[in-house]
Amino acid sequence: MARLFFVGWLFHLKSLTQSLFFVLISVIQPIIFASIAFFMFESGSRAGTLLYVALGAGLMGIWSSTLFGSGGAIQWQRWQGTLEVLIASPAPFLLVLVPLTLATASIGLYSIVMTLVWGRIFFGVPLDFAHPLQLAVALPATVVSLGLLGLVLASTFVLYRNANAFSNLLEYPVWLATGLLVPLTLLPGWVEPIAWVLSPTWGMRAIREAAFGGNAWPEIGLCVALGLVYLALGAVALRNFERLARSRATLSLT
Amino acid sequence: MSTSLRIFFVGGGISYRALFNWISPGMYVTTMLGSPLFQILFFTYLGRYAGSQDDAFFIVGNAIQVAAMAGIYGMTMGIANERQYGTLQPLLATPANRLAIFSGRALPFIVNGLFVSTFGFAVSWLLLDFRPAEGSVPPLAFAVLVTTCSCVAFGMLIGSIGLRARDVFFAANLVYFLMLLVCGVNVANEDLPGWLGAIGRCLPLTHGIEAAREIAAGTPLGDVSGLLATEALIGIVYGTAAYVLFRVFEAEGRRRASLETY
């Protein structure tokens, strides 16, 4: 089981790295958004928060790669003609899909690295992290919880024919609602409960607590807990999808 | 002349409708209206937090930039998809006027871009309390029209490159995101490093957005006519370059028998 998981994750990570589209959304797009935010903060009154911007823009990239990669994961397998083979294999489909959704979140790590390196070289962003150990735990915890959120996206978006439409729609709102660059206090009050159930909120808070000197452990714990909830939801939705697809013979129908 | 006009209007209309072979109405609404709405909200709130400019700066910039989505992506697909879907050879086998075929495709995307931009301004009025100066709406609409036309011309250029390049949508995506940075959409041109600002001044959007901001603040149309003329000129240059490339690639494709090869 561990081998299946690791090999699947590595395969999809390599496969996504070969895709120009994923290079665009996990490397180039975060750099462009980070640069916009750097210039905005420099010309505004918050020049001292460039590390805040670099981390936020990096996490934006993780969300984008998860959203576009996981949201269309099952549909993509369908188009490639590999969905039937994967479903027919003896391994549970959940164990086949989770490495893929985790890989889409993992590729987003390029975003964090790129925005930090870009910020350091071109904007002089200080890379002084108050608690490196907490950061080293917060980053993978965030990636895993986003990957499991990706599982929920994959198993629910598949019910709709145009999953890409949802992906296009959900990029900016989640950036906004999870406080990646704009604090939630600036947004209407009703946004906050939405933010609580989205793991990027806690992942971002954990990373910032670790970077700027706070206690990141509660946020890391919430990230992990939310990840387990997503896993349970994703497993139920996936079982439902598989049952419906088998009984209605719609597995390969787009 | 009447045949060319028919090709211009009917051919352009059919080409636009063909996109809905795979774009469902739901996808159109979420992509062309939902995404621009949240883009405007995101950058306006980010601007409030950064404290760099007032709301109107970001609203006008982004409400016009979203027209580039129709202009760049739409126009790229309108031309490059002919090759992808295997319809380029029959199209170019016809004796139809090439200028009519080529330019007719632009009209629906200009209308589409105007619609998306209007929607952006309308939701900003509704949700962000955006109020342009009294009497500024007609000249603002004119500025948006000129800017949308130049974006569509730029999209034509990328589409023409797509008649030859392997992955033109990567270029279209890259250009779209770069425009957010260098065209004064969210960062004033003078706040950018000189070389980056210079790139922005050679692209569509920059002068149009600058003019639109001044119009929305109450400046008469005559006072920004220079900016709009520059925007139009940039569009004409890109449109001409796009048509020349289209003809060159057509000739090259015939000569090498490589019209639809990748």
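Residues numbered from 1 in each chain as written. Chains lettered and ligands numbered in written order. Predicted model: local features only at pLDDT ≥ 70, side-chain atom pairs only at ≥ 80, totals over all residues.

Asker: Can you walk me through the overall build of chain A in this structure?
Answerer: When you go through chain A residue by residue, the secondary structure sums to 12 helices and 0 strands. Shown N-terminal to C-terminal, the secondary structure of chain A runs as helices and strands in the order α-α-α-α-α-α-α-α-α-α-α-α. Here chain A has a C-alpha radius of gyration of 18 Å; the compact-globule value for 254 residues is 18 Å, and the two agree. Counting only C-alpha atoms, chain A reaches 60 × 35 × 35 Å along its principal axes. Sorting the 254 residues of chain A into buried and exposed places 50% on the buried side. Within chain A, contacts between residues separated by at least 24 positions form 81% of all contacts whose residues are at least 6 apart in sequence. (Helix = DSSP H or I, 4+ residues; strand = E, 2+ residues; numbered from the N terminus. Rg over C-alpha atoms; globule rule 2.2 N^0.38 Å. Buried ≥ 20, exposed ≤ 12 C-beta atoms within 10 Å, placed from the backbone. Contact = placed C-beta atoms within 7 Å.)

Asker: Please explain the overall build of chain B as it appears in this structure.
Answerer: Summing up its helical and strand segments, chain B has 12 helices and 0 strands in all. Rg of the C-alpha trace for chain B: 19 Å, near the compact-globule value of 18 Å for 262 residues, within the 12% margin. Principal-axis analysis of the C-alpha atoms places the extent of chain B at approximately 55 × 40 × 35 Å. Burial status across chain B gives 52% buried among its 262 residues.

Asker: So what exactly am I meant to see when it comes to the interface of chain B and chain A here?
Answerer: As a measure of interface size, the accessible area lost when the parts come together is often cited. Opposite the 31 residues of chain B that make contact, chain A presents 31 residues. Counting residues per element, the ones that place at least two in the side of chain B that touches chain A are α2 (25-50) and α9 (168-182) of chain B. With 16 residues, the single largest contributor to the side of chain B that touches chain A is α2(B). Its residues placed into classes, the side of chain B that touches chain A shows 16 nonpolar, 12 polar and 3 charged. (Nonpolar A, V, L, I, M, F, W, Y, C, P; charged D, E, K, R; others polar.)

Asker: What am I meant to see in helix α7 (residues 109-123) of chain A here?
Answerer: The α-helix winds at 3.6 residues per turn, so residues separated by three or four positions along the chain end up facing the same way. Residue and element names in this part refer to chain A. Across its 15 residues, α7 extends 20 Å between first and last C-alpha, which sits within 8% of the 21 Å expected from 1.5 Å per residue. All of the buried residues along α7 are Tyr110, Ser111, Ile112, Met114, Thr115, Trp118 and Gly119. Two residues or fewer past α7, Gly124 is found with a positive phi of approximately 65°. (Expected span 1.5 Å × (residues − 1).)

Asker: In this structure, what is going on with helix α8 (residues 132-157) of chain A? I would like to understand it.
Answerer: Here α8(A) spans 37 Å end to end across 26 residues, near enough to the 38 Å set by a 1.5 Å rise per residue. For α8(A), the tally of buried residues reaches 19 of 26 residues, placing the bulk of the element in the interior.

Asker: Looking at this structure, how should I read the packing of helix α2 (residues 20-43) of chain A against α2(B)?
Answerer: Two quantities define a packed helix pair, namely the angle between the helix axes and the distance between the axes. Between α2(A) and α2(B), the shortest axis-to-axis distance is 8 Å and the interhelical angle comes to 35°. Here the hand of the crossing between α2(A) and α2(B) comes out right-handed. Across the interface between the two elements, A:Ala37, A:Met40 and A:Phe41 from α2(A) touch B:Leu46, B:Gly47 and B:Ala50 from α2(B). (Axes fitted to C-alpha atoms, helices over the stretch in contact; angles between N-to-C directions. Left-handed = near helix turned anticlockwise from the far one by under 90°.)

Asker: Explain the nonpolar core here, please?
Answerer: Ranked by internal contacts, the top residues of the largest apolar core, which has 157 residues, are A:Ala37, B:Ile72 and B:Ala212. Sort the elements by how many residues they give to this core and α2(A) lands first, with 14 residues. For A:Ala37, the contacting residues outside a window of four places in its chain are A:Val53, A:Ala57, A:Leu181 and B:Leu46. (Core = buried A, V, L, I, M, F, W, Y, C linked by C-beta atoms within 7 Å.)

Asker: Even after reading the chapter, I still don't get the environment of B:Ile79, so can you show me in this structure?
Answerer: Residues and elements named next belong to chain B. Within the fold, Ile79 resides in helix α4 (residues 67-84). Placed 81 residues apart in sequence, Ile79 and Ser160 show a C-alpha to C-alpha distance of 6.6 Å. Beyond its immediate stretch of four places on either side in the chain, Ile79 contacts Arg105, Met156, Gly159, Ser160, Gly162 and Leu163.

Asker: Can you walk me through unusual backbone geometry in this structure?
Answerer: Negative phi is the rule for most residues except glycine; trans is the rule for most peptide bonds. Residue and element names in this part refer to chain B. Even without being glycine, Asp129 reaches a positive phi, approximately 60°. When you line up the elements, Asp129 lands in the loop between α7 (106-127) and α8 (137-161). The residue Leu205 is not glycine, and still its phi comes out positive at about 90°.

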